[in-house]
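Results of the structural survey
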Amino acid sequence: MNEPETVYKIALSMMKHISPHIVREMADRGVTPEDFFSLETPALSQAMGLPRGNAFERMERDEALFRARKEWEQMQRHHISGHFLLDPDYPVRLYQIPDAPVFLYKLGDADLDGEHIINLVGTRKPTPYGIDFCTKLINDLGAYFPDLTVVSGLAYGIDAAAHTAALEAGLPTVAVVAHGLNMIYPAQHRDLACRIVKTGGAIVSEYPFGERPYRQRFLERNRIVAALADVTVVAESDIKGGAMSTANTAFSYSRDVMALPGRTSDLLSSGCNLLIRKEKAHLITCAADLIELTGWQPLDAKIDTRQRNLFPELEGDPKLIYETLRFSREPMQVDRLHALTLIPISRLMSALGEMEFDGIIIRHPGNRYSVS
């Protein structure tokens, strides 16, 4: 029976003990996926240079091929595309890692090889500080890089905030999931997943239909989140958790990692602070920090005048005041600013006056301030 070439590639990914290293070695030896399933066991072992006792038995290969045919039918029925490790359209960033998925499933049109891709991860129970940071970071980056793609894991909290902020900014976003594409987990994010796909984003997975999520798969999923982007940004995280796994994995891949700092007393900033202290992550407070680290050049010089300059030259008290105000949903009163920054009132009032005069902040009725 003549199978579509993709069926053999899917089947190969379903075989136990098949790794990216083996797939690449097969190619070097001139063994195609079709050869792998067509050759008799002794001939296959010889072609792959396998020692005695390490053969891929015919029964195991036939079972994988049967499952792959079913998967191919589901892919066609649900308009899912596939990316095999050695195909030209396999995502370049993903190909570079040693444990890349042999086969990647994608629902949606997002370009996984875009020039400007970040991933944004963090706690499932964020504070307004973390959510506001996500929203402002994506809005500001999107203004300078209209082709920006935001990757995350579709989980509660920072993941959902990142996907949502990208959608609201009109940017494509990619959700990497830990299960087959016949379902969405958590189920409450089905509408979010639909919006992602309908607006030029994508849902991607290394797992075939019917595969359900469990703990180990979320950890496996994190390496794909880390690998698909040039920069991993951790918004808020405890010392333990999936976001820290993603950050550490990105660091091991020699990818840039950035973390939003927080107060030492805040549990949800402890992971970010640790990454910075261990020099595994660069400190990030705004889009300017990421642009400076990556060296990205803005694609559109005609930025809306309402978009504030991302690079205010501030130091000392003014810098601390600015960073405190920019993550506040509402204009902030002086006593609240004093409590958060611990700047003496006399110095605080002097700095506020200078910043207002320079157009960096706005004073509202009731002696309240916000970033302009």
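In this report, the structure presented in the accompanying data block is examined. The model shown is predicted, which means the values in this text are computed figures rather than measured ones.

1. Here we look at the sheet that holds strand β12 (residues 368-371)
The strand order β10-β12-β11 describes an open sheet built from 3 strands, whose pairing is antiparallel. Edge strands, defined here as strands with exactly one partner in the open sheet, are β10 (332-333) and β11 (361-364). Summarising the sheet, β10 and β12 pair through 2 bridges and their orientation is antiparallel. Bridge assignment links methionine 332 to a residue of β12, and that residue is tyrosine 369.

2. Notes on helix α2 (residues 20-28)
Considered for burial, the residues of α2 that qualify are Pro20, Val23 and Met26. All buried residues of α2 fall inside an arc of 120° around its axis, so they share one side. Away from its buried face by more than 90 degrees, α2 exposes His21 and Asp28. Packed against the buried residues of α2 are α1 (5-13), α3 (33-38), α4 (41-48) and β1 (81-84). Count one or two residues on from α2 and you reach glycine 30, which has phi positive near 80°.

3. Topic: helix α7 (residues 128-144)
Over its 17 residues, α7 runs 24 Å from end to end, which matches the ideal 24 Å to within 8%, given 1.5 Å per residue. Along α7, the residues classified as buried are Gly130, Asp132, Phe133, Cys134, Leu137, Ile138, Asp140, Leu141, Gly142, Ala143 and Tyr144. Tucked into the core, α7 has its buried residues touching β3 (117-121), β4 (149-152), α8 (158-168), β7 (231-234) and α13 (287-294).

What counts, and where the lines are drawn
- Within each chain, residues carry numbers counting from 1 in the order of the written sequence.
- Note on the predicted model: pLDDT of at least 70 is required for a residue's local features to be given, and 80 or more for side-chain atom pairs to be given and counted; whole-chain, interface and lining totals, by contrast, use all residues.
- Working from all heavy atoms in the structure, the side-chain values ignore hydrogens and water.
- Strands were regarded as paired on the criterion that DSSP finds at least two bridges between them.
- In DSSP terms, a helix is any run of H or I states spanning at least four residues, a strand is any run of E spanning at least two, and both are numbered starting from the N terminus.
- Three exposure classes are used, based on accessible area relative to the maximum for each residue type with a 1.4 Å probe and protein chains only: buried under 20%, partly exposed in between, and exposed over 50%.
- Arc definition: directions from the helix axis to the C-beta atoms.
- Between two residues, a contact is recorded if the distance between any of their heavy atoms is within 4.5 Å.
- By this rule, a helix spans an expected 1.5 Å times one less than how many residues it contains.

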